[in-house]
Amino acid sequence: MYDHVLVPTDGSDSSTAAVDEAVAIADEEAATVHFLHGIDEGTEMSAGASGMIAPQVTETLEEEAESALGDAERRAEAAGVTSNRTIREGDPHEVIAAYCDDTDADLVVMGASGRSGLKERLLGSTTDRVVRTVETSMLIARS
């Protein structure tokens, strides 16, 4: 039923739950899991206005991306699931929607809220925007 499962990940608890759900589904379906991390250009541009701090912020964002993707890859590898990883820059929900189209994803698995989400909210803002913009089936995972 699924050949390509897309999992945007930011390393949050909710995102890790999405990784685990996607890996389990991919294992059952013999699907490939695509792990994606979007680096928010808005954060980088805000730091750029601060002058000298911009390179440090960019480096920190890249380290967070590598950490989240590395953890996701290790989980897939432990389950024997084929995976790949990608980092893209841009508005996170737009990056996710574009990548979904690029890979012909059959399913998007996301955490209910990520690092920027408030616990009081039902869905994180990025998850909410993706739900409203992609035509692909979605699974929302909770930690």
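Now for a description of the structure that goes with this document. (Residues numbered from 1 in each chain as written. Predicted model: local features only at pLDDT ≥ 70, side-chain atom pairs only at ≥ 80, totals over all residues. Heavy atoms only, no water.)

## A closer look at the overall build of the protein chain
- If you tally the helices and strands in the protein chain, you get five helices and five strands.
- Walking the protein chain from its N terminus toward its C terminus, one meets helices and strands in the order β-α-β-α-α-β-α-β-α-β.
- The long-range share in the protein chain, meaning contacts at least 24 apart out of those at least 6 apart in sequence, stands at 73%.
- With an accessible surface of roughly 7700 Å², the protein chain has 45% of that area assigned to carbon and sulfur atoms. (Helix = DSSP H or I, 4+ residues; strand = E, 2+ residues; numbered from the N terminus. Contact = heavy atoms within 4.5 Å. Areas by Shrake-Rupley, 256 points an atom, 1.4 Å probe, with all protein chains shown as cover.)

## So, the pattern of salt bridges
- According to the stated counting rule, one finds six salt bridges in the structure shown.
- For Arg 85, the salt bridge is made with Glu 66, and the minimal N-O distance between the two is 2.1 Å. Highlighted residues: Arg 85 in strand β3 (residues 83–89) and Glu 66 in helix α3 (residues 54–79), separated in sequence by 19 residues.
- Classification of Arg 85 by relative accessible area gives partly exposed; the value is 28%. (Salt bridge = Lys/Arg side-chain N within 4 Å of Asp/Glu carboxyl O. Buried < 20%, exposed > 50% of the residue type's maximum accessible area, 1.4 Å probe, protein only.)

## Here we look at the nonpolar core
- By size, the foremost hydrophobic cluster in this structure holds 19 residues, and its most contacted members are Val 5, Val 7, Val 33, Phe 35 and Val 109.
- Of all elements in the fold, only β1 (4–8), α1 (13–29), β2 (32–39), α3 and β4 (107–111) reach the threshold of two or more residues within this core.
- Counting residues per element, this core draws most heavily on α1, at six residues.
- Here Val 5 is in contact with Ala 22, Ala 31, Thr 32, Val 33, His 34, Leu 107 and Val 109, once residues within four sequence places are set aside.
- In terms of nonpolar packing, the next biggest core, distinct from the first, is built from twelve residues, Leu 6, Leu 36, Tyr 99 and Cys 100 among them. (Core = buried A, V, L, I, M, F, W, Y, C linked by side-chain atoms within 4.5 Å.)

## Brief notes about unusual backbone geometry
- Although it is not a glycine, Ala 30 sits at a positive phi angle of roughly 55°.
- Along the chain, Ala 30 turns up in the loop between α1 and β2.
- Of note, Asp 104 is a non-glycine position whose phi angle comes to about 55°, a positive value.
- Turning to its location among the elements, Asp 104 is positioned in the loop between α4 (92–103) and β4.

## Topic: a negative patch on the surface
- On the surface, a cluster of negative charge is made up of Glu 59, Glu 62, Glu 63, Glu 64 and Glu 89.
- The dominant element in the negative patch, judged by the number of residues it contributes, is α3, at four residues.
- With respect to the helices, strands and loops of the structure, Glu 64 is situated in helix α3. (Patch = residues over 30% accessible without salt bridge, like charges linked within 9 Å, V, L, I, M, F, W, Y side chains within 5 Å. Lys, Arg positive; Asp, Glu negative; His and termini not counted. Charge placed at Lys NZ, Arg CZ, Asp CG, Glu CD.)

## Some remarks on the packing of α4 against helix α5 (residues 125–133)
- The contact between α4 and α5 brings their axes to 9 Å, and the two run at 40°. What the angle tells us is that α4 and α5 run oblique. Helix-helix and strand crossings are classified by hand; for α4 and α5 the assignment is right-handed. Taken together, the residues of α5 that come into contact with α4 (itself represented by Pro 92, His 93, Ile 96 and Ala 97) are Thr 126, Arg 129, Val 130 and Thr 133.
- Looking at the contact of α4 with α5 residue by residue, the classes come out as four nonpolar, three polar and one charged. (Axes fitted to C-alpha atoms, helices over the stretch in contact; angles between N-to-C directions. Parallel < 35°, antiparallel > 145°, perpendicular 65-115°, else oblique. Left-handed = near helix turned anticlockwise from the far one by under 90°. Nonpolar A, V, L, I, M, F, W, Y, C, P; charged D, E, K, R; others polar.)

## Quick look at the pairing of β2
- Counting buried residues along β2, seven of its eight residues qualify, which places the element largely inside the surrounding structure.
- Two strands pair when backbone bridges link them, and β1 and β2 are joined in this way by five bridges, in the parallel orientation. Within the sheet, the bridge partner assigned to Leu 6 lies in β2 and is His 34.
- Of the crossover connections in this fold, the one passing from β1 over α1 to the parallel β2 is right-handed.
- Where β2 lies against β3, seven bridges are found, and the strand directions are parallel. Residue pairing across strands places Gly 38 opposite Arg 88, the latter belonging to β3. (Pairing = 2+ DSSP bridges. Right-handed = clockwise from strand over helix to strand, strands pointing away.)

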